[in-house]
Every structure is written in C-alpha cells, then in structure tokens.
Amino acid sequence: MKKVIAILVQIVLVAQVVLLLVSWLIAAAMPQSAVRSLLSSEGIRWLFGSLTGNLATPTLLCLILILMAVGAMRKSGIRHLFVRATYRQRFAQRVVIAELVLLFIVLLLLTAVPEASLLSVTGVLFPSSFTDSLLPVFCIVVIAVSLSYGFVSGRLSTCEDALDAMSSGLSRWRGLVVLYLVLAEFFESLRYVFTAW
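Residues numbered from 1 in each chain as written. Predicted model: local features only at pLDDT ≥ 70, side-chain atom pairs only at ≥ 80, totals over all residues. Heavy atoms only, no water.

1. Some words on the overall build of the protein chain
No. 1: Regarding its fold elements, the protein chain presents nine helices and zero strands.
No. 2: Relative to the 2.2 N^0.38 estimate, which gives 16 Å for 197 residues, the radius of gyration of the protein chain is 23 Å and therefore markedly larger than a compact globule would have.
No. 3: A buried classification covers 34% of the 197 residues belonging to the protein chain.
No. 4: Counting only contacts in the protein chain whose residues sit at least 6 apart along the sequence, the fraction spanning at least 24 positions is 71%.
No. 5: By element, 73% of the accessible surface of the protein chain is carried by carbon and sulfur atoms, the whole surface being about 12600 Å².
No. 6: Once the 15 positive and 9 negative side-chain charges of the protein chain are each reduced to a mean point, those two points are 15 Å apart. (Helix = DSSP H or I, 4+ residues; strand = E, 2+ residues; numbered from the N terminus. Rg over C-alpha atoms; globule rule 2.2 N^0.38 Å. Buried < 20%, exposed > 50% of the residue type's maximum accessible area, 1.4 Å probe, protein only. Contact = heavy atoms within 4.5 Å. Areas by Shrake-Rupley, 256 points an atom, 1.4 Å probe, with all protein chains shown as cover. Lys, Arg positive; Asp, Glu negative; His and termini not counted. Charge placed at Lys NZ, Arg CZ, Asp CG, Glu CD.)

2. Observations regarding a positive patch on the surface
No. 1: On the surface, Lys2, Arg74, Arg79, Arg155, Arg172 and Arg174 cluster together into a patch of positive charge.
No. 2: Its location among the elements puts Arg155 in the loop between helix H7 (134-153) and helix H8 (159-172).
No. 3: In this structure Arg155 comes out as partly exposed when scored by relative accessible area, which is 47%. (Patch = residues over 30% accessible without salt bridge, like charges linked within 9 Å, V, L, I, M, F, W, Y side chains within 5 Å. Salt bridge = Lys/Arg side-chain N within 4 Å of Asp/Glu carboxyl O.)

3. Some words on the environment of Leu102
No. 1: Position of Leu102 relative to the elements: it lies in helix H5 (residues 87-111).
No. 2: Since its relative accessible area comes to 56%, Leu102 is described here as exposed.
No. 3: Sequence separation between Leu102 and Leu170 is 68 residues, and the spatial gap between their C-alpha atoms is 29 Å.

4. Digging into H5
No. 1: With 25 residues, H5 extends 36 Å from end C-alpha to end C-alpha; this agrees with the ideal 36 Å at 1.5 Å per step.
No. 2: What H5 keeps buried is the set Ala92, Gln93, Val96 and Thr111.
No. 3: The inward-facing, buried residues of H5 contact helix H6 (129-132) and H7. (Expected span 1.5 Å × (residues − 1).)

5. Looking at the packing of helix H4 (residues 58-76) against H7
No. 1: At a minimum axis separation of 8 Å, H4 and H7 run at an interaxial angle of 20°. It follows that H4 is roughly parallel to H7 by the angle criterion. Where H4 crosses over H7, the two elements pack in a sense that is left-handed. Facing Cys62, Leu65, Ile66, Met68, Ala69, Ala72, Met73 and Ser76 of H4, the residues of H7 in contact are Leu135, Pro136, Cys139, Ile140, Val142, Ile143, Ser146, Leu147, Tyr149, Gly150 and Ser153.
No. 2: Taken together, the residues of the contact of H4 with H7 break down into 15 nonpolar, four polar and no charged. (Axes fitted to C-alpha atoms, helices over the stretch in contact; angles between N-to-C directions. Parallel < 35°, antiparallel > 145°, perpendicular 65-115°, else oblique. Left-handed = near helix turned anticlockwise from the far one by under 90°. Nonpolar A, V, L, I, M, F, W, Y, C, P; charged D, E, K, R; others polar.)

This is how it looks when you write it as structure tokens:
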C-alpha cells in the first residue's frame, strides 16, 4: 500500500509541474483565453497566498480523526470485542456498552426532543449542526470508547500508551495525509487555472 501511495504522490507532483508549464504556455499563446497562468505574477501570488487555505480544509481534519480512530481501535484491542475474552476483557466490554448507551441517550436528547440544541433553526435534523459534525463526532466517540476499553482491559496503562494508540494510525497511514495534501493543492491549482473570475 505504501508503494501505491508513493507512486500516486509522484504522479500528482508531476501533474502539478505539468499544470504550471501548460498554464503558462496556454496563457502566453492565447492571451484572450480564460486560462490563468500559475507562473504569472498573479499566479505566483495566488500559489503562495492561498497555500494554507488550500490545505487546511475540513477534509484534512476528518482524515486525521479517522486515522486516529483507526489507531486507537487497533492498539486498544477493541477490534476483538466479541471474541472469547478474559474476565477483564468482558468487564471492559460491559463498560464500553454502558458508554455507548449513555452517549446514545445524550445524542438522542440533543437531537430528538422538540427544540433540541443540535437541531437547525427550522427544527429539522437534516441539515443541522449535528449532521455537519457527524463524522468528527463519530471518530471522537470511537477514540474515547477504544481508549476506555484499552485502559479497562489492561492493553493500555498510561497516558503515553493512549497517545501512542491515537498516533499509531497517523504514523501507519501517514502516506494518505501526504497524498491528500498534494491532491488538494493540485485540485485547487486546476480550479485557479481553468476557472474564470
């Protein structure tokens, strides 16, 4: 998988360089066209000025949270929740089920009762602030439940173990973050070059 991601990153970087040159050639050959050059003074200002905005998107945050949740699940041992277990693991299973029930009740109270806090201004659930944050909330719940399972079952014992568990997904799948970053910049560059003001 790492090889595939590395090849994809290289392809996107080459495509970015080609886009730089092609946008310059088209803009130079056909000045009346709507194509904007990335190598013009305006294009270079755009490249430098919008880099942070192009990369810092909600998609990046969701990717990071998903990778943290995967790492926490993997290191805590919660993936094997329903296999034959020791007494400690069975107790940890009960704790996780109790946490999930409690979280479900809280979310139900925040969304299902009339005039609930997470409903939209018009009183509907779709779209609302709840649906806007559904994936991050799900990832945070997975992280919290995984860590509590890990601590109660004995797989995790210190805060360092918890930090290692959450960051293990990031370190294992770090290539996806790099791929996202180069893809996001390439996509925004395409939009800049071929979208007229």
